[in-house]
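# Observations on the three-dimensional arrangement
One-letter residues, chain by chain:
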Amino acid sequence: MNKRQPAIPARHTPRMERIWKNRVLYMMLLFPLVLVVLFRYVPMYGIQIAFRNYQPSKTIWTSEWVGLKYIIKFINNYQFWTILKNTLVLGLYGIAVFPCSLILAICVNYLRCKPFQKTVQTISYLPHFITTVVMCSIILQMFDAKTGLVNAILGVFGVPQRNYMGIPSAFPHIYVWTNVWQDIGYASIIYIASLAGISPELHEAAMIDGATLLKRIWHVDIPGLLPTVCVLLIMRCGSLLNVGYEKVYLLQNPMNLKASEIINTYVYKQGLTSGLPQYSSATAIGLFVSIINLILLVTVNRISSAMTGNALW
C-alpha cells in the first residue's frame, strides 16, 4: 500500500507555488489594493499644484513652477499663528478627552443587568449616526441666546442669558464636548471588544487574592487595554492638525471666528469659496499639514514603542 507523502514545508516551497496555493487570498487582496492605488496614489499626481502657479485655463504641466512659494507665504501670513493655535487647541483638547470612551467601555462592561447594559450602549451609539449638518443645527438651537435649552437650564440658577456661540473662549469647549457626546458610544465599541478578550481567569485570580473592583480595573483591565489604547492614540496624534472642517465651518460666525478659524477651514475658503480661488495655495497648505502629521505620527509611534513596546510598526 502506498504511503501518503508528507507535505513539503512552506520554507522549501518555491515562491510561485506558494502564490498559486494561496491564489484565492491574493485575489481577495486585489480589489482593495486597486482601490487604494486609484484613490490614494493616482491623485498624488496633482500634488505638484502646490509647487506651481496653477491656472484653470492651463494644464498642470504648463503652469509656472514656483517651488515653496505658497508654503512660505502661508507661514508668513499674519493669520498663521492664530490659525495654528486654534487648530492645536482643538486637536489637543480632543486628545485630552480621549479617555472618556475608555471609561464608558469599562463601566458598561461591569453592568450586571444585561437589558440595561444594552440600553446604555444603544443610547450612547445613536448620536454617532446623526449627520454633521443636523448635529450643528441641534447645537445652535441648544445654545440659542433666547430659546436655547442651555440658557433655560442656567436661568433656573440665576445665570443671565448669553450668546455662547458668539463667545470665542467658549467655542473649543462646545466643539469638543459635543464631539464627545456624539462619538463616545461608537468609540467605546473597540474597547468593549478588547475587554471581552481579557481572560476571565485573571479576574478570578485577582478576586481570590482579595482585589477590589477598582484594583481589578487598574491591574487587569487597563494592562489588557494598553495595546489598543496605544495604537488608537498614535493614530489620533497622527491626525492632530486634521480637525474636521465641516462641523467647525458650520458653527463659525463673525463673533467666534477668532477661535474657530482653523487650517482646514482656511484651506476650504482659500480653494473654493473665495472670489478668486487659489488652488495652488490651498494645495500647498494641505500638503504642509500632511507632512507635519506624518512627522507627528512617526515620532509618537517611536515614543510609544520605546516606552510601552506597543506601536503601529
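Anyway, here's the lowdown on the structure attached to this text. (Residues numbered from 1 in each chain as written. Predicted model: local features only at pLDDT ≥ 70, side-chain atom pairs only at ≥ 80, totals over all residues. Heavy atoms only, no water.)

## With respect to the nonpolar core
Note the cut-off: Put simply, buried Ala, Val, Leu, Ile, Met, Phe, Trp, Tyr and Cys residues joined by side-chain atoms within 4.5 Å make one nonpolar core. A simple rule labels every residue: compare its accessible area, found with a 1.4 Å probe on the protein chains alone, to the largest value its type can have, and call it buried under 20%, exposed over 50%, or partly exposed in between. Helix and strand assignments follow DSSP, with helices taken as H or I runs no shorter than four residues and strands as E runs no shorter than two, numbered in order from the N terminus. It only takes one pair of heavy atoms within 4.5 Å for two residues to be counted as in contact.
Formed by 21 residues in total, the largest nonpolar core has its most connected members in L90, I139, F171, I174, Y175 and V248. Among the elements of the structure, helix 4 (80-96), helix 7 (132-142), helix 9 (171-187) and helix 13 (245-251) are those that each provide at least two residues to this core. It is helix 9 that provides the largest number of residues to this core, a total of five residues. Those residues in contact with I174, other than ones at most four positions away along the chain, are I139, F143, Y164 and M165. Among the nonpolar cores identified, the runner-up in size contains 18 residues, and A50, V267, A282 and I285 belong to it.

## What about the layout of surface pockets?
What counts, and what does not: Only protein atoms enter the calculation, which uses a 1 Å grid: trapped sets of points that fit a 1.4 Å probe without letting it out are cavities, open sets showing protein on both sides within 12 Å along at least five of seven lines are pockets, and any residue with an atom within 4 Å of a point is a lining residue. Grid points are joined across faces, edges and corners, and a volume is the space filled by probe spheres set on the points. Note that Gly is not counted as nonpolar here; it falls among the polar residues with everything else outside the nonpolar set of Ala, Val, Leu, Ile, Met, Phe, Trp, Tyr, Cys and Pro and the charged set of Asp, Glu, Lys and Arg.
Approximately 980 Å³ is the volume found for the largest pocket. The wall of the largest pocket is formed by 30 residues, among which G94, N179, D183, A187 and R236 lie closest to the centre. The leading source of residues in the lining of the largest pocket is helix 9, at eight residues. Its residues assigned to classes, the lining of the largest pocket shows 17 nonpolar, nine polar and four charged. Roughly 540 Å³ of internal volume is contained in the second largest pocket. Taken together, the elements giving at least two residues each to the lining of the second largest pocket come down to helix 2 (23-41), helix 15 (263-273) and helix 16 (279-308). Top element by residues in the lining of the second largest pocket is helix 16. It accounts for six residues. Per-class residue counts for the lining of the second largest pocket are ten nonpolar, six polar and one charged.

## Remarks on the environment of R52
Residue placement: R52 occurs in strand 1 (residues 52-53). Judged by its relative accessible area of 10%, R52 is buried. Here the alpha-carbon distance between R52 and V220, two residues 168 residues apart in the chain, equals 55 Å. When near neighbours in sequence (up to four residues on either side) are disregarded, R52 contacts I60, W61, S63, E64, W65, V66, Y70 and S280.

## Observations regarding the pattern of salt bridges
Applicable threshold: Salt-bridge detection follows one rule: a side-chain nitrogen of Lys or Arg within 4 Å of a carboxyl oxygen of Asp or Glu.
Within this structure, the stated rule accounts for one salt bridge. In this structure, E261 engages K269 in a salt bridge whose closest nitrogen and oxygen atoms are separated by 3.2 Å. Residue E261 is classed as buried on the basis of its relative accessible area of 9%.

## Some details on the side chain of S260
Tracing the chain through its elements places S260 in helix 14 (residues 257-260). Among all residues touching S260, those that are not within four sequence positions of it are N86, F171, V248, Q252 and T265.

## Some words on helix 16
The condition that has to hold: For a helix, the expected span equals 1.5 Å multiplied by the number of residues minus one.
With 30 residues, helix 16 should cover 44 Å at 1.5 Å per step; its first-to-last C-alpha distance of 43 Å lies within 8% of that length. Restricting attention to buried positions, one finds in helix 16 the residues S280, S281, A282, A284, I285, L287, F288, V289, N293, N301 and S304. Just beyond helix 16, the residue with positive phi is G309, at close to 80°.

## Concerning the packing of helix 5 (residues 99-109) against helix 6 (residues 114-125)
Formally: With axes taken as lines fitted to C-alpha atoms, and helix axes fitted only over the stretch in contact, angles between N-to-C directions fall between 0 and 180 degrees. For classification purposes, an angle smaller than 35 degrees is called roughly parallel, one larger than 145 roughly antiparallel, one from 65 to 115 roughly perpendicular, and anything else oblique. We call a crossing left-handed when the near helix sits turned anticlockwise from the far one by less than a right angle, and right-handed when that turn is clockwise.
Relative to each other, helix 5 and helix 6 sit at 155°, their axes nearing to 10 Å. Classified by the angle between their axes, helix 5 and helix 6 sit roughly antiparallel to one another. Judged by the twist between their axes, the crossing of helix 5 over helix 6 is left-handed. Together, L104, V108 and N109 of helix 5 and Q117, V120, Q121 and S124 of helix 6 make up the contact between the two elements. Its residues placed into classes, the contact of helix 5 with helix 6 shows three nonpolar, four polar and no charged.

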